[in-house]
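Next come the chains, spelled out residue by residue.
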Amino acid sequence: MTLQTTRSPLFLSLAITILLAVPTIALPAPQKGAKPERAAKSAVVSAMEQELERSLAALRTADPPAYFINYTVTEQQRAEVQGSNGALLSSQETRTRWLETSVRVGGYELDNTRKVGGRDAGYQASFGTAVPLDDDVPVLRRAIWSETDRQYRGAAEALVKIQTGKEVKVETAEGRAPDFSREQPQIWIGPTAQFQLDRRPWEEKVRIYTRAFHNSPAILNSIVSFNALARNQYQASSEGTRLQFGDLKYRLELFIQGKAPDGMDINRYANFDWIDPADAPSDKAVFARAAELTKEMEALVAAPLVEPYAGPALLTGRAAAVFFHEVFGHRAEGHRQKDINEGQTFARKVGEEIFPTFLSVYDDPTRARSGSEVLLGHYRYDDEGVPAQRVTLVQSGVLKNFLMSRSPLIGFPQSNGHGRRQVGLPPVSRQGNLIVESQRAVSNAKLREMLIEEVKRQGKPFGLLIDDIAGGFTFTGRGAPQAFQINPLVVYRVYADGRPDELVRGVDIVGTPLVSLTKILATGDTPEVFNGYCGAESGSIPVAAVSPAILISEMEIQKKETSTDRPPILPPPGHDPVAERKAQ
Amino acid sequence: MSRARRLLGVASCALALLALPLSLAAQSQVAPSADNDQTLRAMRDEMRRSRDRLKLPSQDPPYYLEFRLLDIEQRSIVATFGALLNSTTSRNRFMDVNVRVGDYLLDSSNFISDEGFRGFIGSTGSVGIDGDYDSLRQDLWLATDQAYKESLDQFSRKRAYLMSLARPSDIPDFSRQQPVVLLDPKVAADWTSRDWETEARQVSAALRAFPELYASRVTYHLVHMTYYLLTSEGTEIRVTRSLAAIEAGLDTQADDGMRLHHFYSSYANRPAELPPASAVRKDLDRVGRELLALRASPLATDYVGPVLFEPAATGSLLAQMLGPSVSGARAPLAMGTVFDQIMDRMGGRSEWNGRLNTRVFPAGISLVGDPTQKDFQGQPLLGWFAVDDEGVRAQRVPLVDNGILKNLLMSRRPGADFQQSNGHGRGSYLSEPRAAMANVFFQSSDGKSKEELRKQFADLCRQANREWCVVIRQMDNPALAFQRQDDFSDVIGAVAGGAANGDRLPLLVYRVNVADGREELMRGATLTGMKLRSLRNIAGIGNDYRAFQYMQSQAPGFAGTALSAFGSAQGGVPTSVVAPSLLLEEVEVRGARGEPRRAPLLPAPPLN
């Protein structure tokens, strides 16, 4: 690392970290093992620099003065091929460049983003604007100029509202934290990502994959989609940050819909994620997964409805990963400890035991893979230009830290590289790769035995095996009970008397986070990965969660709200006995 | 296949329009399928199965089933100041299934309620683009099932609501129409003849000569659609429609802070008919210069007196004023009056309700709705079609004859005065068709030459003792002028409140010195009180007819209101209003109002 405070262009092409005289907590070391690739600075960054210099000179002396300006251009190349029921639905490729501008007025302590009385003063005057795909510096500069002006006005108006608002004085201790953290400027001009893709083979694949689903009368609708996304981010800030980097992701998703005789909607879903085109799933692998989904669908349609129950439950690794993401991960997001509308479940529990002591949880966006599997929550820099960092949230059961964006908390003055957003929205602290580790790991077979023992110990007829979770929702707000609800898709009753497992349907898991997390008895020994897109106030972002299977002494399930829409009146056209008779 | 069927297939390829008796048996005999269209075959087979067997025990069966399918290819290119912003090509197919239960007199439609059936897939959706038989049948099967259940649910709510009414309406819910079979040959999209990306770059670069502009955007939008419609009554339609558009918007700010904008649009029925880049560049250069002239122009002051509308301005003004009034459809039954109130506020109240056979315009003036006209004075019209979106043949409809209101535009939704469709059921893509303008001709038996009308205008001004009078050359269209949704919403928010009072937005307003005819541009004017009623006092009308071509907005809150004139090629319905210059004796022009925004803190960076 080099100590450097100038923004001389000489240094811009070097992958260095500039240190300013600002106290910091542990600074991330440059990624070990990663080859620092350098690249030429794009015209986008040049345009941003030119406009940044001009804007700074004018807005720093305006009334109220701007103290921070940031420009981000996100370039996305996306190819998408979708098929349904044996036919191609759509196939297209798009390219976009989107400019986001952030102007902050006031100062790091109090600025235009301060929420007053739980409301934000409406500082985001624009979601941004499309900018040319052509590297036309003057046209780009014009767009940046116009957006800067718009955001400055919005910010200035918001600051006046905040300063004159009487509620600003009445604040909680959490609310007294500064509005924006001081961070090391980052300079990294890396290579950009793009792909050259012939969509025709994928068009044929989605036809063939969905045609396979067509053979089962239990499957009413099937959708398979293939996605390739190359995303490049360019960033320049008044603090000196200059970033240019890109990544590439491929995804294949299988989705089928069915209906039980009583009208309950049943969905099955599977996804494949890869980064290297050579890692694309083979037809064989996809057909195998499709066959599993079909089998599960056919079994679920015929499965009995569940009755409310509380007792021991075993969550497979992927189900446990979603469980941790929903029940714990969202509550470890720093900004939720600050907002007075939030339940602040863990706000004052740092240093306290919140999990059994054999469990540790960290979030590590610097990790690209778990075993051979890609982790979707991997990134190099977060959306505020802070390097991704591994953050230990829970160490041996004790809460240690929160996921931090540049919105500080008392006692947590710095970002730890978790400020994330969907393009167009202001970043807040979010999860990346949430990883659960256990010191009480047993083989999965042993864990199942432990489940049966626990069932017997509690005198229950059966326990639950939860194999797949679609996601769920969790109330972190103060206005609602601090509860979560999770929608498991594949749930078995595991009987104590040795009967075969029985698939059931219509299950919702309900609970309160502080209680549920302490009831984990043991875990399996094989980490499993859940890759998905997580939606919250800063939009939809790619995340991963990794966990071994877990055994919980008590889990409560309730009946799922069901649809009153009965199955279709006529049989499927391809499976219509009347029509077949006619045809003969 | 029988020889007769094959022959009919050939006949239909020659654009034969066959009206068939209601008998379904007769229909199935003549259905042409010569070109082996699997889409049509899947629609027919699923239609037959649903018609014969779709029924829930102890519930009403459907009395009417309708499958619509839209195969749409779109090419969209956006450029700004010579740089490409976006370029996309897409192909999609959408279906929409409509099922009615009850009967033509009283059915499940025309009812708005705040709750209803929520199925898991829905009666509309995206379907395969391969023309694959099996997948389309699967999709239609589910959509029909959902549509039927939706209608049963809606119908029971509607009947319950009707029980609470003292005197339910006796207007039928749906008109009976002759089934129509029209199977045009399949036509492939052809927009390869020109390099649209290069044209968009070249054309938008013309605005680079105006560094005063804050932003500008030029959009090329090419659409090629095949529309299928099958009904249980025996209607079978397959038609090809295409549209090509160039739209541009530009904006800036005057030195005093007033936000100013301008736009350009050019529409054609086929991409090849779009003007060449050189011509568009020339027009954009003119538009740019006009905007700069506006920027430097004085503020408009309040004015009440004679106003001369030039033909393009008359067309736009008529589009705004006629929009809410030309439809004769009944209003839906609503659970409350909120819907009506909103429509009223947006200028959606008809001024011609209950005015049939009374004078609405001065004698000598006629208004005709005529989608059968392909062109006007050699210029292709946008509102041409053989059948409307409900499969009813296009008809010439004399709306106003010699100043007397004689007819209204009708879809298959009946109204108090008329119960049959006259082929004006139109929608954007697969939205619900409603009675809307297609080609409209505003004509006078006594049109004056340009010179005569100018002289009459000057005389009127002198009689009113005015030193200067007002000429309006062009009306505004904020939907094209603005590039940002929030700016557009701001303007619409401001104008929508006054739409019911006849507030209209002119763009190019000149004051003309009565003594020497000198013209001076003014900025910030609005017109007020401009309702159809004000046209009863037309002082003079020209013979300089011009087709005003625009996209009728079908967006919620815009469709059927004065704001429907503010549409764009993105979802608008192609419409033409043919009108000449119009001289009105007294128009209220309101001068510039409002609180201008601060100028940007920094001057714009260089553009070259």
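Conventions used here
- Residues numbered from 1 in each chain as written.
- Chains lettered and ligands numbered in written order.
- Predicted model: local features only at pLDDT ≥ 70, side-chain atom pairs only at ≥ 80, totals over all residues.
- Heavy atoms only, no water.
- Phe/Tyr/Trp six-rings, centres within 6.5 Å; stacked < 30°, edge-to-face > 60°.
- Lys NZ or Arg CZ within 6 Å of the ring centre and 35° of its normal.
- Helix = DSSP H or I, 4+ residues; strand = E, 2+ residues; numbered from the N terminus.
- Buried < 20%, exposed > 50% of the residue type's maximum accessible area, 1.4 Å probe, protein only.
- Expected span 1.5 Å × (residues − 1).
- Axes fitted to C-alpha atoms, helices over the stretch in contact; angles between N-to-C directions.
- Parallel < 35°, antiparallel > 145°, perpendicular 65-115°, else oblique.
- Left-handed = near helix turned anticlockwise from the far one by under 90°.
- Contact = heavy atoms within 4.5 Å.
- Salt bridge = Lys/Arg side-chain N within 4 Å of Asp/Glu carboxyl O.
- Core = buried A, V, L, I, M, F, W, Y, C linked by side-chain atoms within 4.5 Å.
- Polar contact = N/O pair within 3.5 Å; in protein donor to acceptor, adjacent residues only side chain to side chain.
- Pairing = 2+ DSSP bridges.
- Buried area = accessible area lost by both parts, 1.4 Å probe.
- Nonpolar A, V, L, I, M, F, W, Y, C, P; charged D, E, K, R; others polar.
- Disulfide = S-S within 2.5 Å.
- pLDDT = per-residue confidence, 0-100.

Engineer: Explain the packing of aromatic side chains here, please?
Structural biologist: Geometry of an aromatic ring pair is reported as the spacing of the ring centres plus the angle between the planes. Counting across every chain of the model gives 30 aromatic pairs over all chains. Within the aromatic cluster, the residues linked to one another by ring pairs are Y67, F68, Y108 and F180 of chain A. The ring centre of F180 of chain A lies 4.0 Å from the NZ or CZ of R406 of chain A, which sits over that ring. It is R41 of chain B that lies over the ring of Y133 of chain B; its NZ or CZ is 3.9 Å from the centre.

Engineer: Whenever I open this one, unusual backbone geometry confuses me. Can you help?
Structural biologist: A negative phi angle characterises most non-glycine residues, just as the trans form characterises most peptide bonds. Backbone torsion omega between D63 of chain A and P64 of chain A reads -5°, so that peptide bond is classified as cis. The residue P64 of chain A is located in the loop between α2 (43–59) and β1 (66–84) in this model. Of note in the backbone geometry, S58 of chain B takes a positive phi value of approximately 60° without being a glycine. Since its relative accessible area comes to 74%, S58 of chain B is described here as exposed.

Engineer: Would you take a moment to explain helix α4 (residues 200–214) of chain A for this structure?
Structural biologist: Side chains of residues three or four places apart in an α-helix project in the same direction, reflecting 3.6 residues per turn. Over its 15 residues, α4 of chain A runs 21 Å from end to end, which matches the ideal 21 Å to within 8%, given 1.5 Å per residue. Of the residues making up α4 of chain A, those classed as buried are W202, E203, V206, R207, Y209, T210, F213 and H214 of chain A.

Engineer: Would you mind showing me how to read the packing of α4 of chain A against helix α5 (residues 283–302) of chain A here?
Structural biologist: The relative placement of two packed helices is expressed as an angle between their axes plus a distance between the axes. Residues and elements named next belong to chain A. Where α4 contacts α5, the axes come no closer than 10 Å and their chain directions differ by 30°. Relative to α5, α4 is oriented roughly parallel. Two packed elements cross with a definite hand, and for α4 against α5 that hand is right-handed. Residues K205, I208, Y209, A212 and F213 of α4 pack against D283, V286, F287, A290, L293 and T294 of α5.

Engineer: What exactly am I supposed to notice about the pattern of salt bridges here?
Structural biologist: When charged atoms on two side chains of opposite charge get close, those side chains can pair. Counting across every chain of the model gives 81 salt bridges over all chains. Between R201 of chain B and D134 of chain A there is a salt bridge whose closest N-O contact spans 2.8 Å. One end of the pair, R201 of chain B, is in helix α5 (residues 196–205); the other, D134 of chain A, is in the loop between β5 (129–130) and α3 (137–164), on a second chain. Across the salt bridge formed by E432 of chain B and R413 of chain B, the nearest N and O atoms sit 3.3 Å from each other. Of the two residues, E432 of chain B is situated in the loop between β17 (425–426) and β18 (434–435) and R413 of chain B in the loop between β16 (404–405) and β17; the sequence distance between them amounts to 19 residues. Through salt bridges with shared partners, one network takes in D576 of chain A together with E46, R49, R53 and R137 of chain B.

Engineer: Just to check I follow, could you spell out the nonpolar core for this structure?
Structural biologist: It is characteristic of soluble globular proteins that their nonpolar side chains tend to be buried jointly. Residues and elements named next belong to chain B. Counting residues in hydrophobic clusters, the biggest one holds 127 residues, and the most contacted among them are Y220, F309, W352, F361 and F442. It is strand β8 (residues 236–253) that contributes the most residues to this core, 8 residues altogether. Those residues within four positions of F442 in sequence are excluded, and the remaining contacts are L318, F361, I365, S366, L367, I538, I541, Y545, V578, A579, P580 and L582.

Engineer: Please clarify how the side chain of N422 of chain B should be interpreted in this entry.
Structural biologist: All names here are of chain B. As for its placement among the helices and strands, N422 is situated in the loop between β16 and β17. Assessed through its relative accessible area of 8%, N422 is described here as buried. Among the polar contacts listed, one links the side chain of N422 to the backbone nitrogen of M410, at a separation of 2.7 Å. Beyond its immediate sequence surroundings of up to four residues, N422 is in contact with R393, Q395, V397, L408, L409 and M410.

Engineer: What's the story with the environment of A525 of chain B in this structure? I'm lost.
Structural biologist: All names here are of chain B. On the secondary structure map, A525 appears in the loop between β22 (519–522) and β23 (526–528). For A525 and Q463, which are 62 residues apart along the polypeptide, the C-alpha to C-alpha distance reads 24 Å. Aside from chain neighbours lying at most four places away, what touches A525 is A300, P506, V509, V589 and R590.

Engineer: What is the right way to look at the packing of α5 of chain B against helix α6 (residues 277–296) of chain B in this model?
Structural biologist: Residue and element names in this part refer to chain B. In the contact formed by α5 and α6, the axes pass within 8 Å of each other and the chain directions differ by 25°. Of the possible angle classes, the one that applies to α5 and α6 is roughly parallel. Handedness of the crossing formed by α5 with α6: right-handed. Between α5 and α6, the residues in contact are E199, Q202, V203 and A205 and A277, V280, R281 and L284, respectively.

Engineer: Could you clarify how one ought to interpret the pairing of strand β21 (residues 506–513) of chain B in this entry?
Structural biologist: Looking down a regular strand, the side chains alternate between one sheet face and the other. All names here are of chain B. Within β21, 6 of the 8 residues are buried, leaving the element largely enclosed by the surrounding structure. Here 7 bridges tie strand β20 (residues 468–475) to β21, and the two strands are oriented antiparallel to one another. Directly across from V471, in β21, lies its bridge partner Y510. As paired elements, β21 and β22 share 4 bridges and run antiparallel to each other. For V509, the partnering residue across the bridge sits in β22 and is M522. In this structure, the hairpin formed by β21 and β22 is closed by a connection of 5 residues, where G517 is found at a positive phi of approximately 75°.

Engineer: I tried to follow the interface of chain B and chain A on my own but got confused; where do I start?
Structural biologist: When the parts of a complex come together, some accessible area is lost, and that lost area is often taken as the interface size. Taken together, the 61 residues of chain B in the interface contact 58 residues of chain A. Taken over both partners, the interface formed by chain B and chain A buries close to 4,900 Å², and the fraction arising from carbon and sulfur atoms is 54%. At the junction of chain B with chain A, the criterion picks out 6 salt bridges. At the junction of chain B with chain A, the criterion picks out 27 residue pairs in polar contact (both at pLDDT 80 or more). Within the residue set of the side of chain B that touches chain A, elements represented by two or more residues are α3 (38–53), β3 (83–101), β5 (124–127), α4 (133–163) and α11 (485–499) of chain B. Counted by class, the side of chain B that touches chain A contains 26 nonpolar, 14 polar and 21 charged residues.

Engineer: What am I meant to see in the sheet that holds strand β11 (residues 359–363) of chain A here?
Structural biologist: Strands belonging to one sheet form pairs held by backbone hydrogen bonds; the direction of such a pair is parallel or antiparallel. Residue and element names in this part refer to chain A. Across the sheet, 6 strands lie side by side as β15-β14-β11-β18-β25-β24; this open sheet has mixed pairing. Each edge of the open sheet is held by one strand with a lone partner, namely β15 (398–399) and β24 (528–536). Direction of pairing for strand β14 (residues 391–395) relative to β15: antiparallel, over a ladder of 2 bridges. Residue Q395 lies in a different strand from β15, and its bridge partner there is V398.

Engineer: What exactly am I supposed to notice about the sheet that holds strand β26 (residues 573–579) of chain B here?
Structural biologist: Residue and element names in this part refer to chain B. In spatial order, the strands read β16-β15-β12-β19-β26-β25; together these 6 strands make up an open sheet with mixed pairing. Whereas interior strands pair on both sides, the edge strands pair on one side only; in this sheet they are β16 and β25 (546–552). Taken together, the 7 bridges between β25 and β26 define a ladder with antiparallel strand orientation. Following the sheet pairing, Y550 is matched in β26 by T575.

Engineer: Whenever I open this one, the side chain of D111 of chain A confuses me. Can you help?
Structural biologist: Residue and element names in this part refer to chain A. Along the chain, D111 turns up in the loop between β2 (87–105) and β3 (115–116). For D111, a relative accessible area of 0% translates into the label buried. Separated by 2.7 Å, the side chains of D111 and R104 make a polar contact. In this structure, D111 is in contact with Y67, R104, V105, G106, L159, I162, D179 and F180, ignoring residues within four places of it in sequence.

Engineer: In this structure, what is going on with the environment of S76 of chain B? I would like to understand it.
Structural biologist: Residue and element names in this part refer to chain B. Mapped onto the elements, S76 comes out in strand β2 (residues 62–80). The exposure class of S76 is buried, given its relative accessible area of 15%. In the structure, S76 is positioned 231 residues away from V307 in sequence and 39 Å away in space, judged by C-alpha atoms. In contact with S76, not counting residues within four places along its chain, are N86, S87, T88, T219, Y220 and H221.

Engineer: Looking at this structure, how should I read the state of the cysteines?
Structural biologist: Where two cysteines share a covalent bond between their sulfur atoms, that bond is called a disulfide. Residues and elements named next belong to chain B. Enumeration according to the criterion identifies 1 disulfide over all chains in this entry. Shown here is the disulfide that connects C461 with C469, its sulfur atoms set 2.0 Å apart. Note on C461: relative accessible area 2%, which makes it buried. Owing to a relative accessible area of 1%, C469 belongs among the buried residues under this scheme.

Engineer: Even after reading the chapter, I still don't get the confidence of the model for chain B, so can you show me in this structure?
Structural biologist: Caution applies to low-pLDDT parts of the model: their predicted coordinates are not meant to be read in detail. All names here are of chain B. On average, chain B scores 89 in pLDDT, and the residues at 70 or more come to 91%. Per-residue pLDDT stays below 50 along residues 1–33; that stretch engages in 55 contacts with residues further than four places along the chain or on separate chains. What the predictor reports for the complex is a pTM of 0.89 with an ipTM of 0.88.

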